[in-house]
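Observations on the three-dimensional arrangement
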Amino acid sequence: GTKYEDLIDPMRESVENNLEVLDGRKEFCLLHCEMAPWNLLGNREEIMALLDWERSISGDPEYDLFLTERFLSIPGPTSGKLHEKENEIIETVYEGYQSKKTLDDGWRQRRTLYRIANLAYQMWLIEGDKQALRERWKKLKQEAKNIEVQ
């Protein structure tokens, strides 16, 4: 067993109960999966290169958008000035994404599933604060229930 053994079935159930929000998702591409500021080479006007591709996978482009938002929202090497402008930066990321690809009405619902998948990955990868990850699951569990009601 794992230290999160008790969460496996409830997380699986939340995902299985909401799989229909992924229906019709057929476009897959190469995802960077760590498009964090410390992996961007460029200036204020232009990103010239993405560094650090060892976590790249094939998947839905929305998952990379979700991960980018997540990396821009967490404390870390970018704490300080970045977080003073966090909302502005995230808004710019969304504008850039939507200039190439439209986010449909199901985006927010799929985002909840991406968050559950990312939490499961962190539980597997990170030893870290067990209680903090459990608290994140409690919030996500309620979000997943809200999807089912819609």
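Thresholds, definitions, all that
- Sequence order as written defines the numbering, with residues in each chain counted from 1.
- Thresholds applied to this predicted model are a pLDDT of at least 70 for local features of residues and 80 or more for the giving and counting of side-chain atom pairs; totals over whole chains, interfaces and linings are not thresholded and use all residues.
- Side-chain numbers here rest on the full set of heavy atoms in the structure, without hydrogens or water.
- Every helix listed is a DSSP run of H or I at least four residues long, and every strand listed is a run of E at least two residues long, numbered separately from the N terminus.
- Think of a polar contact as two N or O atoms within 3.5 Å of one another; within protein, one of them needs to be a possible hydrogen donor and the other a possible acceptor, and neighboring residues in sequence only count if both atoms come from side chains.
- The contact definition used throughout considers only heavy atoms, calling two residues in contact when any of these lie within 4.5 Å.
- For every residue, the predictor reports its confidence as pLDDT, a number between 0 and 100.
- For helices, the axis comes from a line fit to the C-alpha atoms of the stretch in contact; other axes are also lines fit to C-alpha atoms, and the angle between any two N-to-C directions lies between 0 and 180 degrees.
- An angle counts as roughly parallel when it lies under 35 degrees, as roughly antiparallel when it exceeds 145, as roughly perpendicular when it falls between 65 and 115, and as oblique in every other case.
- It is the rotation of the near helix from the far one that decides the hand of a crossing: anticlockwise by less than a right angle makes it left-handed, clockwise makes it right-handed.
- Surface patches are defined over residues having more than 30% relative accessible area and no salt bridge, joining like charges when they lie within 9 Å and nonpolar side chains (Val, Leu, Ile, Met, Phe, Trp, Tyr) when within 5 Å.
- Per-residue and other accessible areas were derived by the Shrake-Rupley procedure at a 1.4 Å probe size, with only the shown protein chains allowed to occlude residues.
- Think of a salt bridge as a Lys or Arg side-chain nitrogen and an Asp or Glu carboxyl oxygen that are within 4 Å of each other.
- Each residue gets one of three labels from its accessible area relative to the maximum for its type: buried under 20%, exposed over 50%, partly exposed in between, using a 1.4 Å probe on protein chains only.
- A helix's residues, less one, multiplied by 1.5 Å, set its expected span.
- Stacked, tilted and edge-to-face are the three classes applied to pairs of Phe, Tyr and Trp rings, where Trp contributes its six-membered ring and a pair requires centres within 6.5 Å; stacked means planes under 30 degrees apart, edge-to-face means over 60, and tilted covers the rest.
- Put simply, a charge is over a ring when the Lys NZ or the Arg CZ is close to the ring centre, within 6 Å, and near the line of the ring normal, within 35 degrees.

**Observations regarding the side chain of Thr68**
- Topologically, Thr68 is positioned in helix H2 (residues 61-73).
- For Thr68, the side chain forms a polar contact with the main-chain oxygen of Asp64, separated by 2.8 Å.
- Residues within four places of Thr68 in sequence aside, it is in contact with Met35 and Val93.

**A word on the confidence of the model for the chain**
- Looking at the chain, pLDDT values average 82 and 87% of them are 70 or higher.
- Looking across the chain, the model is least confident in helix H3 (residues 81-84), with a mean pLDDT of 57, and most confident in strand S1 (residues 29-31), with 95.

**Regarding the packing of helix H1 (residues 5-16) against helix H5 (residues 107-125)**
- Between H1 and H5, the shortest axis-to-axis distance is 10 Å and the interhelical angle comes to 155°. Taken together, the axis directions place H1 and H5 in an arrangement best described as roughly antiparallel. Both H1 and H5 take part in a crossing whose hand is left-handed. In this structure, H1 uses Leu7, Met11, Ser14 and Val15 to contact H5, whose residues at the interface are Leu113, Ile116, Leu119, Ala120 and Met123.

**Re a nonpolar patch on the surface**
- There is a patch of nonpolar side chains on the surface, built from Tyr121, Trp124 and Leu125 and spanning about 360 Å² of accessible area.
- In this fold, Tyr121 is placed in helix H5.
- When its relative accessible area of 34% is taken as the criterion, Tyr121 is described as partly exposed.

**Looking at H2**
- Given a rise of 1.5 Å per residue, 13 residues ought to cover 18 Å, and the 19 Å separating the end C-alpha atoms of H2 matches this to within 8%.
- Within the span of H2, buried status applies to Pro61, Glu62, Tyr63, Asp64, Leu65, Phe66, Leu67, Thr68, Glu69, Arg70, Phe71 and Leu72.
- For H2, the N-terminal cap is Asp60; the gap from its side-chain oxygen to the backbone nitrogen of Glu62 is 2.9 Å.

**Quick notes on the packing of aromatic side chains**
- With the rule as written, the count across this model stands at six aromatic pairs.
- Centroid distance Tyr63 to Tyr114: 5.5 Å. Interplanar angle 75°. Geometry classified as edge-to-face. One end of the pair, Tyr63, is in helix H2; the other, Tyr114, is in helix H5, and 51 residues separate them in sequence. For the pair shown, Tyr63 and Tyr114 are each scored as buried.
- Seen from their ring centres, Trp107 and Tyr114 are 6.2 Å apart, and the 45° between their planes marks the pair as tilted. You'll find Trp107 and Tyr114 in the same group, each marked buried.
- Connected via pairs of aromatic rings, a cluster forms that spans Tyr63, Phe66, Tyr94, Trp107 and Tyr114.
- The cationic tip of Arg70 hangs over the ring face of Phe71; the distance from NZ or CZ to the ring centre is 5.9 Å.

**Some points on the pattern of salt bridges**
- Within this structure, the stated rule accounts for eleven salt bridges.
- The salt bridge partner of Glu62 is Arg110, with a shortest N-O separation of 2.7 Å. Taken together, the residues Glu62 in helix H2 and Arg110 in helix H5 connect sequence positions 48 residues apart. Accessibility classification places Glu62 together with Arg110 in one group, the buried group.
- What you see here is one network of salt bridges that share partners, running through Arg25, Asp60, Glu62, Asp104 and Arg110.

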